Amino acid sequence: MVICYKKEFAIRMDMSEKHISHLINGKVELTPDVAQRLELVLGIPAKIWNDLESRYRERLAKVNQELEDEKEITLARKFPYQKMSTEGWVSKTDDFDDQVRNLRRFFEVANLKVLYSLGVLDSHEKDEDFSVVAKNQANELKDKK
């Protein structure tokens, strides 16, 4: 019986059942056009639908950012930060968020994971020597001056 309701709802919305399913499951964004259709079909103002969509996308972006941050933190922990600060390459700090920011500045990247794309780190190398990678970067920075 639920299938009949979905089909009828899709017809009333003048959309495919597949698109309605993707919309319900958050796979596609709820556009202002769809919000207007929902208002007409369900009687709930488009503004409410648009606000709900906006909040959902903000939360989704925050969760995705937190997942990316976790990956970056895992990578950052592999660098010998204390030795790097002793050498004067990065500022001394015990705050891990500051360490990540300092490592980004040191490597001149927005996110440490791009070190793989740049070829600075090798994603296939299991025993990467992060001390060597840091020293190479320090030498490059010194040569730029």
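Not measured: the values here are computed from a predicted model.

**Student:** Account for the overall build of the protein chain, naming residues and giving values.
**Tutor:** Across its full length, the protein chain holds eight helices and zero strands. Taken from N to C terminus, the helices and strands of the protein chain fall in the order α-α-α-α-α-α-α-α. Relative to the globule expectation of 15 Å for 145 residues, the C-alpha radius of gyration of the protein chain, 24 Å, shows a markedly less compact shape. Counting every position in the protein chain, which comprises 145 residues, the buried fraction comes to 27%. Taking the intrachain contacts of the protein chain between residues at least 6 apart in sequence as the baseline, contacts between residues at least 24 apart amount to 42%.

**Student:** Quick rundown of the packing of aromatic side chains? Include the residues and the values.
**Tutor:** A complete count under the given rule lists four aromatic pairs for this structure. Note on Phe79 and Phe107: the rings are 5.1 Å apart at their centroids and 50° apart in plane angle, and the pair reads as tilted. With Phe79 in the loop between α4 (46–76) and α5 (81–86) and Phe107 in helix α6 (residues 96–107), this residue pair connects regions lying 28 residues apart in the sequence. Each member of the pair, Phe79 as well as Phe107, is classed as buried.

**Student:** Give a description of α4 that names residues and reports values.
**Tutor:** In this model α4 runs 44 Å from its N-terminal to its C-terminal C-alpha over 31 residues, within 8% of the 45 Å that 1.5 Å per residue would give. As for α4, its buried residues are in contact with α3 (32–42), α6, α7 (114–117) and α8 (130–144).

**Student:** An account of unusual backbone geometry is needed here, citing residue identities and associated values.
**Tutor:** Despite not being glycine, Asp14 has its phi angle at roughly 55°, a positive value. In this fold, Asp14 is placed in the loop between α1 (2–13) and α2 (17–24). One non-glycine residue, Glu108, lies in positive phi territory at about 55°. Tracing the chain through its elements places Glu108 in the loop between α6 and α7. The exposure class assigned to Glu108 is partly exposed, which follows from its relative accessible area of 48%.

**Student:** Outline the pattern of salt bridges, supporting the account with residue identities and numerical values.
**Tutor:** Opposite charge on two side chains allows them to pair when their charged atoms are near. Counting across every chain of the model gives eight salt bridges. A salt bridge links Glu53 to Arg57, with the shortest nitrogen-to-oxygen separation between them at 2.6 Å. One end of the pair, Glu53, and the other, Arg57, are both in helix α4, four residues apart, so they sit about a helical turn from each other. Glu68 is the partner of Lys71 in a salt bridge, and the nearest nitrogen-oxygen pair spans 3.5 Å. Separated by three residues within a single helix, Lys71 and Glu68 lie in helix α4, roughly one turn from each other. A network of salt bridges, in which partner residues are shared, links Glu68, Lys71 and Lys113.

**Student:** Residues and numbers for the side chain of Glu72, please.
**Tutor:** Tracing the sequence through the fold places Glu72 in helix α4. Given a relative accessible area of 2%, Glu72 falls into the buried group. Looking at Glu72, its side chain comes within polar contact range of the main-chain nitrogen of Leu112, at 2.8 Å. Setting aside anything within four residues of it in sequence, one finds Glu72 in contact with Val100, Arg104, Ala110, Asn111 and Leu112.

Calculation criteria
Note that residues are indexed from 1 along each chain, following the sequence as it is written. Predicted model: local features are reported for residues with pLDDT of at least 70 only, side-chain atom pairs are reported and counted for 80 or more only, and whole-chain, interface and lining totals are derived from all residues. Working from all heavy atoms in the structure, the side-chain values ignore hydrogens and water. Per the convention used, a helix needs a DSSP run of H or I reaching at least four residues, while a strand needs a run of E reaching at least two, with both numbered from the N terminus. Put simply, the radius of gyration uses C-alpha atoms, and a globule should come to 2.2 Å times the residue count raised to 0.38. Type-normalised accessible area, obtained with a 1.4 Å probe on protein chains alone, sets the label of each residue: buried when under 20%, exposed when over 50%, and partly exposed for intermediate values. We call two residues in contact when some of their heavy atoms are within 4.5 Å. Two rings belonging to Phe, Tyr or Trp (six-membered ring only in the last case) form a pair when the distance between their centres is within 6.5 Å. Interplanar angles under 30 degrees mark stacking, angles over 60 mark edge-to-face geometry, and anything in between is tilted. Expected helix span is taken as 1.5 Å per residue step, with the number of steps being one fewer than the number of residues. In what follows, salt bridge is the name for a side-chain nitrogen of Lys or Arg lying within 4 Å of a carboxyl oxygen of Asp or Glu. Side-chain atoms alone can form a polar contact between residues adjacent in sequence; in general such a contact is a pair of N or O atoms within 3.5 Å, and within protein one must be able to donate a hydrogen while the other accepts it.

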